[in-house]
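Reading the structure
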Amino acid sequence: MSLAQNPAQTQNHFPDDIAARISQSEARVIKAIFPSNTNHHNTLFGGDALAWMDETAFIAATRFCRKSLVTVSSDRIDFKKAIPAGSLAELIANVIYVGNTSLKVEVNIYVEDMYTDHREHAIRGVFTFVAVDEDRNPTQVWPHN
């Protein structure tokens, strides 16, 4: 049985113990965009952004359940703004859905100019993870279901 009715729900719709755990599991990573991570347009490679998002989502998911996890899917990824070389990218990951054996994590990337306070939302995506046991079989993601 799902603890949330749909992935778009906020933490306020979760039972108190889940909501508390979600707030403690947020993951934030900041990356500097160097030429080695850019394409011929001098902007961040989409593949690098996806890898960073998956990793940050994995960190949040692991902090939430403290179990072995595998990525099973990524939902629609929206590239809203190119991230140029010489900028900073902040990735913020939050659990948005908790099921029996799976959970979903939303990741947002914000691009910041290195030398001003300008910051914009650049990329959004959702990643789904399944908790697995030592035999790689699905297992309960949250023991209090």
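Residues numbered from 1 in each chain as written. Predicted model: local features only at pLDDT ≥ 70, side-chain atom pairs only at ≥ 80, totals over all residues. Heavy atoms only, no water.

The chain is annotated in an unreviewed UniProt entry as Acyl-CoA thioesterase from Shewanella livingstonensis. The heading Sequence similarities (unreviewed entry) in the UniProt record of the chain holds the text "Belongs to the acyl coenzyme A hydrolase family." (UniProt positions renumbered as here; feature names shortened; annotations may be inferred.)

Among all positions of helix 1 (residues 16-25), only Ile18, Ala19, Ile22 and Ser25 are buried. Take helix 1 and look down its axis: the buried residues cluster within an arc of 130°, on one side only. Exposed side of helix 1, more than 90 degrees from the buried face: Asp16 and Gln24 are the residues found there. Where helix 1 is buried, its residues meet strand 1 (27-32), helix 2 (46-65) and strand 4 (87-98). (Buried < 20%, exposed > 50% of the residue type's maximum accessible area, 1.4 Å probe, protein only. Helix = DSSP H or I, 4+ residues; strand = E, 2+ residues; numbered from the N terminus. Arc of directions from axis to C-beta. Contact = heavy atoms within 4.5 Å.)

This brings us to the UniProt feature "domain: HotDog ACOT-type" (unreviewed entry) in the chain. Per the UniProt annotation, the sites labelled "domain: HotDog ACOT-type" (unreviewed entry) are residues 23-135. As a span, residues 23-135 carries 20% helix and 45% strand, and end to end its C-alpha atoms are 30 Å apart.

Our next topic: helix 2. Look at helix 2: 29 Å from first C-alpha to last across 20 residues, which is about the 28 Å you get at 1.5 Å a residue. Of the positions making up helix 2, those classed as buried are Ala49, Trp52, Met53, Thr56, Ala57, Ala60, Ala61, Thr62, Phe64 and Cys65. Downstream of helix 2 by one or two residues, Arg66 has phi in the positive range, about 55°. (Expected span 1.5 Å × (residues − 1).)

A complete count under the given rule lists eight salt bridges for this structure. For the salt bridge of Arg28 with Glu90, the shortest nitrogen-to-oxygen distance reads 2.9 Å. One end of the pair, Arg28, is in strand 1; the other, Glu90, is in strand 4, with 62 residues separating them in the sequence. With a shortest N-O distance of 2.6 Å, Glu90 and Arg119 are connected by a salt bridge. (Salt bridge = Lys/Arg side-chain N within 4 Å of Asp/Glu carboxyl O.)

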